[in-house]
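Residue-level listing of the chains:
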Amino acid sequence: MRIMVQKFGGSSVATATQRERVCARIQEALQDGFSVVVVVSAMGRVGDPYATDTLINLTQEVYPDCPKRELDLLLSCGEIISSAVLAAHLLRLGYNVTVLSGREAGIITDNNFGDARVLRVIPTKILELLKLKKIVIVAGFQGVTEEGEVTTLGRGGSDTTACALGIALGAEVVDIFTDVQGIMTADPRIVEKARLLDQVTYYEICHLAHQGAKVIHPHAVEMAMQNNIPLRVRSTFVEGLGTLVSNGSYGARVGVDIRSDRLITGITHIAQITQLQITINQEDVSAALVQIFQSLARAGISVDFINIHPEVAIFTVADTVVEKAVKIMKNLHFEPQVRPNCAKISVVGAGMAGIPGVMATIVEALGREQIPILQSTDSHTTIWCLVDRSQMERAVRVLHQAFQLDRED
Ligand code: ADP
Ligand code: ASP
Ligand code: MG
């Protein structure tokens with residue numbers, strides 16, 4: 001049996017017209033001889049009646065501290081609604097369809113509600129249904145703990161469902177259908193001239209995804225990479241094969257030359273972060289640093305962009321946890337300087353290691369446009385710059401142009 005997993009994001013299933021297009025995509029896969037497992041996200045985006053954000057708001061407005069376990073139960077409904085509605089479209093066309101929740105699809109996770117990790121998948125039921133020539137629709141973004149409690153897999157987690165199923169079922173390929181043509185050199189909503197990357201390595205996409213290219217969830221890419229299962233990120237609405245994410249061997253099999261030697265793969269951005277700067281006046285600086293970072297870790301606060309200087313610690317946290325982080329610092333008798341409204345711009349490229357001039361291009365380009373770099377750090381694949389949120393879009397565009405990413409390579 002040749003199995004294909006097709007995942008359709010929220011913006012692909014928001015309206016009846018869009019769902020008709022989804023049905024056509026499923027039909028194409030069936031015509032190509034695949035047994036098809038379809039993973040769907042909740043319908044639409046912010047403001048749409050059954051979108052994940054709308055469901056979150058239902059409880060937020062009443063009780064903002066709703067326990068994550070209860071919230072997960074609520075959020076899982078979005079994908080179930082979407083699956084049943086898509087099934088109705090397929091049934092009307094005469095297809096044989098079964099809808100499964102994450103639990104029924106055998107997706108077992110840990111109990112980290114709100115951001116659970118898939119531990120294993122028991123694909124028995126799906127395989128039985130495929131043998132009966134059914135199209136199986138699985139509600140994305142959800143699983144169940146060993147104890148049977150419903151979990152969700154973190155925002156954007158339907159991609160993870162698709163990859164986990166693809167791996168467990170030995171699928172030939174996992175297609176992630178979305179509202180853009182594929183993975184691009186920057187978010188096309190920000191950079192009009194962003195170019196489609198028709199082939200990329202897992203490694204490159206992992207970096208882009210971790211640094212904010214929300215077109216695919218980083219856990220999904222990591223999973224695919226570890227299990228060497230090819231992914232395609234494609235448009236539901238525009239013809240084309242989109243971006244093939246794999247290693248060289250699959251690329252060679254389907255006649256695509258997978259390169260990993262690009263100097264810069266793309267520019268990504270993450271908004272809604274705040275910089276904290278803490279001056280350490282006490283004599284034992286290292287004891288103070290231990291105190292600061294251990295206390296934040298104990299509170300489950302993830303810190304990023306860490307620069308330590310003698311007597312000063314600078315780092316960023318997500319806007320959502322600033323208040324909590326500042327309170328912790330004050331309890332330790334530190335007075336953090338808070339710089340709100342920051343954004344992180346990442347220049348990502350697996351080929352930049354050891355190549356001189358990348359930082360020079362960044363400072364020159366941002367300097368020319370009078371975009372101050374508030375903080376910067378680097379690894380062998382990425383250079384990060386912190387800028388003011390108001391400059392974020394412009395900084396992405398300026399860097400995209402400076403590295404000539406709009407040109408064919
Ligand atoms: P879905 O609902 O299909 O899961 P998402 O909203 O999660 O869709 O992801 C698709 C969006 O990702 C696009 O609409 C685009 O704005 C955004 N995006 C961010 N960075 C990139 C990038 N480098 N390439 C393509 N899309 C990107
Ligand atoms: N509906 C979920 C979200 O909005 C999962 C997904 O879209 O992948 O995060
Ligand atoms: Mg998504």
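On a predicted model such as this, the values are computed, not experimentally measured, just so you know.

Participant: Hey, could you run me through the sheet that holds strand β17 (residues 375-378) in this one?
Facilitator: Sheets are built from strands that pair by backbone hydrogen bonding, the pairs being arranged parallel or antiparallel. The six strands lie next to each other as β14-β15-β13-β16-β18-β17, forming an open sheet whose pairing is antiparallel. Taken across any chain shown, the strands that pair with only one partner, and hence form the sheet edges, are β14 (304-309) and β17. The sheet shows a mean angle of 30° between the axes of neighbouring strands, direction not considered. Seen against the sheet, helix α9 (residues 285-298) touches β13 (266-279), β14 and β15 (312-318) and runs at an angle of roughly 10° to β15. Sheet contacts for helix α11 (residues 358-368): β16 (337-348), β17 and β18 (382-388); angle to β18, the most-contacted strand, approximately 20°.

Participant: Looking at this structure, how should I read the sheet that holds strand β10 (residues 199-201)?
Facilitator: Taken in spatial order, the eight strands of this open sheet run β3-β6-β2-β1-β9-β11-β12-β10, and their pairing is mixed. Lying at the two open borders of the sheet, with one neighbouring strand each, are β3 (97-100) and β10. The mean angle between the axes of side-by-side strands here comes to 20°, regardless of whether they run parallel or antiparallel. Where strand β2 (residues 35-40) meets strand β6 (residues 135-139), four bridges bridge the pair, whose relative direction is parallel. Paired with V39 across the two strands is V138, which belongs to β6. On the sheet, helix α1 (residues 16-31) packs against β1 (3-8), β2, β6, β9 (173-178) and β11 (231-235) and is oriented at approximately 170° with respect to β1. Against the sheet, helix α3 (residues 68-92) engages β2, β3 and β6, with an angle of about 160° to β6.

Participant: Is there a simple way to think about the packing of helix α2 (residues 52-60) against α3 in this case?
Facilitator: Angle between the axes and distance between the axes are the two parameters that describe a pair of packed helices. Relative orientation of the contacting elements α2 and α3 amounts to 150°, with a least axis distance of 9 Å. Overall, the two elements α2 and α3 adopt an arrangement that is roughly antiparallel. Like other packed secondary-structure pairs, α2 and α3 cross with a definite hand, here right-handed. Here T52, L55, I56, L58 and T59 of α2 come into contact with α3, specifically with L71, L74, L75, G78 and E79. Considering only residue class, the contact of α2 with α3 consists of six nonpolar, three polar and one charged.

Participant: What's the story with the site of ligand 2 in this structure? I'm lost.
Facilitator: All residues adjacent to ligand 2 are S41, A42, T52, E79, F141, R155, G156, G157 and S158. S41 places a side-chain nitrogen or oxygen 3.3 Å from an oxygen atom of ligand 2. A distance of 2.8 Å separates an oxygen atom of ligand 2 from a polar backbone atom of G156. Relative to its free-state accessible area of 260 Å², ligand 2 is covered by the protein chains to the extent of 86%. When the residues that make up the shell around ligand 2 are grouped by side-chain class, the tally is two nonpolar, five polar and two charged.

Participant: So what exactly am I meant to see when it comes to the pattern of salt bridges here?
Facilitator: Working definition: two side chains of opposite charge can pair if their charged atoms are close together. Counted by the stated rule, this structure contains 19 salt bridges. Among the ionic pairs, D53 bridges to R155, the shortest N-O distance being 3.1 Å. Taken as a pair, D53 in helix α2 and R155 in the loop between β8 (150-152) and α5 (158-169) lie far apart in primary sequence, 102 residues in all. Look at R155 and you get partly exposed, because its relative accessible area is 48%. Notably, a salt bridge pairs E369 with R394, separated by 3.2 Å at the nearest N-O pair. Of this pair, E369 sits in the loop between α11 and β17 while R394 sits in helix α12 (residues 392-402), placing them 25 residues apart in sequence. For E369, a relative accessible area of 31% gives the class partly exposed. Put simply, R21, R25, E28 and E239 are held in one network by salt bridges that share partners.

Participant: Explain the layout of surface pockets to me, please; I cannot follow it from the model alone.
Facilitator: Empty space left among the atoms is revealed by rolling a probe the size of a water molecule over them. Considered as a void within the structure, the second largest pocket measures approximately 220 Å³ in volume. Of all the secondary structure elements, the ones that give two or more residues to the lining of the second largest pocket are α11 and α12. The element best represented in the lining of the second largest pocket is α12, accounting for five residues. When grouped by side-chain class, the residues that make up the lining of the second largest pocket number five nonpolar, two polar and six charged.

Participant: Is there a simple way to think about the environment of I183 in this case?
Facilitator: Mapped onto the elements, I183 comes out in the loop between β9 and β10. Since its relative accessible area comes to 2%, I183 is described here as buried. For the pair I183 and G140, spaced 43 residues apart in sequence, the C-alpha to C-alpha distance is 21 Å. Setting aside anything within four residues of it in sequence, one finds I183 in contact with R195, L196, L197, I205, L208, V215, I216, V233, T243 and V245.

Participant: How should the site of ligand 1 be read in this particular structure?
Facilitator: What surrounds ligand 1 is a group of 19 residues, the closest being R45, T178, D179, D187 and R189. One nitrogen or oxygen atom from the main chain of M184 is found 2.9 Å from a nitrogen atom belonging to ligand 1. Protein contact buries 93% of the 570 Å² of open area that ligand 1 shows by itself. When its residues are assigned to classes, the shell around ligand 1 shows eight nonpolar, five polar and six charged.

Participant: When you look at the environment of P230 in this model, what are you seeing that I'm missing?
Facilitator: Relative to the elements of secondary structure, P230 occurs in the loop between α7 (218-227) and β11. You can call P230 buried: its relative accessible area is 6%. C-alpha separation for the pair P230 and V174, spaced 56 residues apart in sequence, amounts to 6.4 Å.

Rules behind the numbers
- Here the residue index of a chain counts from 1 through its sequence in written order.
- Just so you know, chain letters begin at A and ligand numbers begin at 1, following the order they were written in.
- Local features in this predicted model are restricted to residues of pLDDT 70 or higher, and side-chain atom pairs are both shown and tallied only at a pLDDT of 80 or more, whereas totals for entire chains, interfaces and linings draw on every residue.
- Side-chain metrics in this entry use all non-hydrogen atoms of the structure; hydrogen atoms and water are not considered.
- Strands pair, by our definition, only if DSSP identifies at least two bridges between them.
- Labels follow the DSSP assignment, with helices taken as runs of H or I lasting at least four residues and strands as runs of E lasting at least two, numbered in each case from the N terminus.
- Here, axes are lines fitted to C-alpha atoms. For helices the fit covers the stretch in contact, and angles between N-to-C directions go from 0 to 180 degrees.
- When checking whether two residues touch, look at their non-hydrogen atoms; a contact exists if any pair is within 4.5 Å.
- An angle counts as roughly parallel when it lies under 35 degrees, as roughly antiparallel when it exceeds 145, as roughly perpendicular when it falls between 65 and 115, and as oblique in every other case.
- Handedness of each helix crossing follows the sense of rotation of the near helix against the far helix: counterclockwise by less than a right angle gives left-handed, clockwise gives right-handed.
- In the scheme used here, Gly and all other residues not listed as nonpolar or charged are polar, with Ala, Val, Leu, Ile, Met, Phe, Trp, Tyr, Cys and Pro taken as nonpolar and Asp, Glu, Lys and Arg as charged.
- Note on terminology: near, applied to a residue and a molecule or strand, indicates that one of the residue's heavy atoms is within 4 Å of it.
- Pairs of N or O atoms within 3.5 Å make up the polar contacts considered here, provided that, within protein, one atom can donate a hydrogen while the other can accept it, and that residues adjacent in sequence are counted only when both atoms are side-chain atoms.
- Note on areas: Shrake-Rupley, 1.4 Å probe, and residue coverage restricted to the protein chains presented here.
- Salt bridges are defined as contacts in which a side-chain nitrogen from Lys or Arg sits within 4 Å of a carboxyl oxygen from Asp or Glu.
- Under the scheme applied here, a residue whose accessible area is under 20% of the maximum for its type counts as buried, over 50% as exposed, and between as partly exposed, the area being computed with a 1.4 Å probe on protein chains only.
- Cavities and pockets were defined on a 1 Å grid built from protein atoms only: a cavity is a group of points that admits a 1.4 Å probe but offers it no way out, a pocket is an open group of points flanked by protein on both sides within 12 Å along at least five of seven lines, and a lining residue is one with an atom within 4 Å of any such point.
- Grid points are joined across faces, edges and corners, and a volume is the space filled by probe spheres set on the points.

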